[in-house]
Each structure stands twice: as C-alpha cells, then as structure tokens.
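Examining the three-dimensional arrangement
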Amino acid sequence: MKPAHSAVAVLVAVIWGVNFVVIKVGLAEFPPLLFSALRFLLAAVPAVLFLGGPRVAWRWVFGVGLALGVVKFGLVFTGMHAGMPAGLSSLVLQSQVVFTVVLSAVVLGERPRPAQVLGLAVATTGFVAIALDYRVSSPVSALLLVVGGALAWGVANVLTRKAQSPDSLRFIVWVSAVAVLPLLALSLLVEGPEADLAALRGADWAGVGSLLFVAWGSTLLGFALWGFLLRTYPAPRVVPFALLVPVAGMLSGWLLLDEEVTAVRLGAAALVVAGMGVATLTRPRRRAEPVVAAVPV
C-alpha cells in the first residue's frame with residue numbers, strides 16, 4: 001500500500017475511534033434514539049437526492065437499515081447513554097467480528113479456518129475479561145446493550161454480504177434513510193415528545209457539532225475513504241487497519257473524557273486486538289471467507 005494511502009487508512013481509523021468520544025458529547029445533548037435518528041437524517045439528506053437508487057433489491061436495504069441503523073445504533077447509543085464509556089464501547093463493539101463469523105458459518109455456510117477460530121477465541125477471552133472488570137464498578141446492563149448492538153452489526157454484515165452492493169457509499173446512504181423514521185418513532189414512544197422537543201430547542205454548538213461529525217465525518221467521509229481503499233487494494237491489506245479503531249477510541253476517551261483505563265482493561269484490549277488480528281490476517285481460502293463489514297460507527 002502506498003504511504004499516502006496507509007495514512008488515509010490510519011486517518012479513517014482515528015476518525016472512527018474519536019467518533020465514540022463525539023457520540024458521548026452528543027448524548028449529553030440529545031436522548032440516544034433521537035440522536036441516532038438525527039445522525040442518519042443528516043447522513044441521508046441531501047445525499048440521497050443526488051446519488052440515485054441503491055442498485056440492490058430493496059429487501060436488503062430495509063434489512064440492513066433495520067439491523068444496522070435501528071437495532072445496532074439504537075442499542076449502542078442507549079448503552080453509552082446508560083454509562084458505557086466511549087473507549088470501552090469502541091472495543092466491545094468489535095465483538096461483531098465474532099458474531100459475524102458465527103452467523104456467516106450458520107447462514108451462509110462460510111466455515112472459518114482453524115487459525116481464525118483460534119484468533120476469535122483469544123479475542124473472546126479478552127471480551128469476557130472486560131465484562132468481568134466492568135461489572136466491578138458499573139451495572140452490566142449498559143455493557144450488554146453494546147454487546148447486543150454488536151450482534152445486530154453481525155446480522156447486518158451477513159445481510160450486506162447477501163446484498164452484494166456495487167456501490168457501498170450509495171448503499172449506506174439509503175440504509176441511513178431507511179433508519180430515520182423507525183428511530184424517530186421509537187424516540188417518540190420511548191423517550192417522549194417532550195424530551196425530544198426540549199433537546200431540539202436547547203441544542204447548542206456542541207450538540208450540533210457532534211451530529212455533523214458523526215453524520216458527515218464518521219459516516220459519509222469515513223465510509224467513502226474506506227470504500228476507496230477497498231476498491232484499490234485487496235481487503236486483507238485494508239481491514240487490519242480497523243484494529244486501530246478501539247485503540248484510538250480508548251486513547252481518546254482517556255485523553256478527552258478522563259475515562260478510567262485499568263490494567264485489566266489494557267490487558268484485555270491487547271487480547272482482543274491480537275485475536276482479531278490473527279482472525280483478520282490469516283491467508284484466505286479459495287472459496288469465500290466470512291466478510292466483516294467495516295461500517296462506520
């Protein structure tokens with residue numbers, strides 16, 4: 001990979017890692033479901049008006065929109081609003097790798113290689129260690145919400161694999177558009193119109209800025225750059241850079257939000273990154289491997 005393109009890959013990983021800190025800022029201004037709905041609204045409009053149709057069957061657009069946009073982000077934002085730290089969320093969310101491989105084996109018949117199984121076992125050990133350490137100081141419910149979001153991400157990855165979209169940016173824009181109305185409806189039902197209106201009326205530069213960063217920086221810019229890299233180089237040369245996302249997330253959470261980073265969490269993070277590295281860097285089969293979609297957070 002050219003040095004300039006390697007720098008782009010690192011930049012995307014940093015954007016997606018810092019994005020978790022920005023989400024925390026936004027969740028201090030907006031209820032989580034409303035924040036997620038507004039994020040997808042800004043990501044979809046006005047882009048959806050200029051890009052044309054999604055170029056895949058609508059069932060895949062709606063399926064990924066519900067699994068990724070509504071369930072995944074609804075759970076993740078709610079979990080972070082309930083107290084899950086930004087840095088830790090960026091790491092735990094990567095358990096989607098485990099869920100994706102398992103679901104791909106069951107649904108698509110894409111059996112992982114033995115080295116991948118070993119790598120995922122190592123990463124899972126790290127996730128369990130994080131869960132045990134987190135429970136010492138905080139309710140486990142927030143952690144479970146983020147894990148549930150990772151499972152929904154795994155489902156969305158399998159659906160994305162089935163969709164085989166020829167234009168990833170166009171696809172994610174339409175997926176974003178599909179997610180808006182269900183999230184708004186859930187927000188009105190769960191969070192209440194009074195809370196939503198109060199948040200919109202009281203929105204300040206921090207809230208608006210966080211929305212713009214999450215929608216345009218993380219979603220549109222990040223996905224466009226990542227899609228360019230995947231079109232230019234083989235996936236095994238690009239995907240490993242995604243391992244930097246939780247590193248950037250935990251570091252930015254520590255630096256900007258003063259989040260606690262315990263020795264257990266650092267050790268567990270090392271296990272997760274090492275395990276996912278083994279699972280990602282293994283030599284591909286001749287037949288299709290399980291695909292881990294690198295979708296912005």
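Residues numbered from 1 in each chain as written. Predicted model: local features only at pLDDT ≥ 70, side-chain atom pairs only at ≥ 80, totals over all residues. Heavy atoms only, no water.

1. Notes on the environment of Leu220
Counting through the fold element by element, Leu220 comes out in helix H11 (residues 205-232). Discounting chain neighbours no more than four positions away, the residues touching Leu220 are Ala43, Leu169, Val173 and Ala215. (Helix = DSSP H or I, 4+ residues; strand = E, 2+ residues; numbered from the N terminus. Contact = heavy atoms within 4.5 Å.)

2. Digging into the packing of aromatic side chains
To describe a pair of aromatic rings, you give the distance between the ring centres and the angle between the ring planes. Applying the stated criterion to the full structure yields seven aromatic pairs. Centre to centre, the rings of Trp16 and Trp226 are 5.4 Å apart; their planes meet at 50°, and the pair counts as tilted. Here the residue Trp16 occupies a position in helix H1 (residues 3-27), and Trp226 occupies one in helix H11, the gap between them amounting to 210 residues. Classification of Trp16 by relative accessible area gives buried; the value is 4%. The exposure class assigned to Trp226 is buried, which follows from its relative accessible area of 2%. Considering the side-chain rings of Phe35 and Phe77, the 5.4 Å spacing of their centres and the 35° angle between planes classify their relative orientation as tilted. Of this pair, Phe35 sits in helix H2 (residues 32-44) while Phe77 is found in helix H4 (residues 58-81), placing the two residues 42 residues apart along the sequence. Across the pair, Phe77 and Phe35 agree in class, each one buried. Site record: aromatic cluster; members linked through ring pairs are Phe30, Phe35, Phe40, Phe73 and Phe77. (Phe/Tyr/Trp six-rings, centres within 6.5 Å; stacked < 30°, edge-to-face > 60°. Buried < 20%, exposed > 50% of the residue type's maximum accessible area, 1.4 Å probe, protein only.)

3. Structural notes on a nonpolar patch on the surface
The grouping of Leu251, Trp254, Leu255, Leu256, Leu257, Val261 and Leu266 at the surface amounts to a nonpolar patch, some 670 Å² of accessible area in total. With five residues, the top contributor of residues to the nonpolar patch is helix H13 (residues 244-257). Here Leu255 shows up in helix H13. With a relative accessible area of 57%, Leu255 lands in the exposed category. (Patch = residues over 30% accessible without salt bridge, like charges linked within 9 Å, V, L, I, M, F, W, Y side chains within 5 Å. Areas by Shrake-Rupley, 256 points an atom, 1.4 Å probe, with all protein chains shown as cover. Salt bridge = Lys/Arg side-chain N within 4 Å of Asp/Glu carboxyl O.)

4. Structural notes on empty space enclosed by the protein
Remark: the empty space left among the atoms is shown by a probe the size of a water molecule rolled over them. Counting across every chain of the model gives two cavities of 30 Å³ or more. Counted as a void, the largest cavity has a volume near 50 Å³. If you trace the largest cavity, you find it lined by Pro85, Gly87, Leu88, Met250, Gly253, Trp254, Glu259, Glu260, Val261 and Arg265. Ranked by residue count, the leading element in the lining of the largest cavity is H13, at three residues. Of the residues assigned to the lining of the largest cavity, the class counts are five nonpolar, two polar and three charged. (1 Å grid on protein atoms, 1.4 Å probe; cavity = no way out; pocket = protein on both sides within 12 Å on 5 of 7 lines; lining within 4 Å. Points joined across faces, edges and corners; volume = space filled by probe spheres on them. Nonpolar A, V, L, I, M, F, W, Y, C, P; charged D, E, K, R; others polar.)

5. Things to note about the pattern of salt bridges
Scanning all chains against the criterion turns up one salt bridge. One salt bridge in this structure joins Asp167 and Arg170, with 3.6 Å as the shortest N-O distance. The class of Asp167 is partly exposed, set by a relative accessible area of 22%. Residue Arg170 is classed as buried on the basis of its relative accessible area of 13%.

6. Considerations on helix H9 (residues 168-191)
An ideal rise of 1.5 Å per residue puts 34 Å on 24 residues; H9 measures up with 32 Å between its terminal C-alpha atoms. Approximately 30° is the largest bend angle found in H9, and it occurs at Val180, with the proline Pro182 only one to four residues beyond. The N-capping residue of H9, defined by a side-chain oxygen 3.3 Å from the backbone nitrogen of Leu169, is Asp167. Directly beyond the C-terminal end of H9, a positive phi value near 95° is found at Gly192. (Expected span 1.5 Å × (residues − 1). Bend = angle between axes of the 7 residues up to and from the residue. Polar contact = N/O pair within 3.5 Å; in protein donor to acceptor, adjacent residues only side chain to side chain.)

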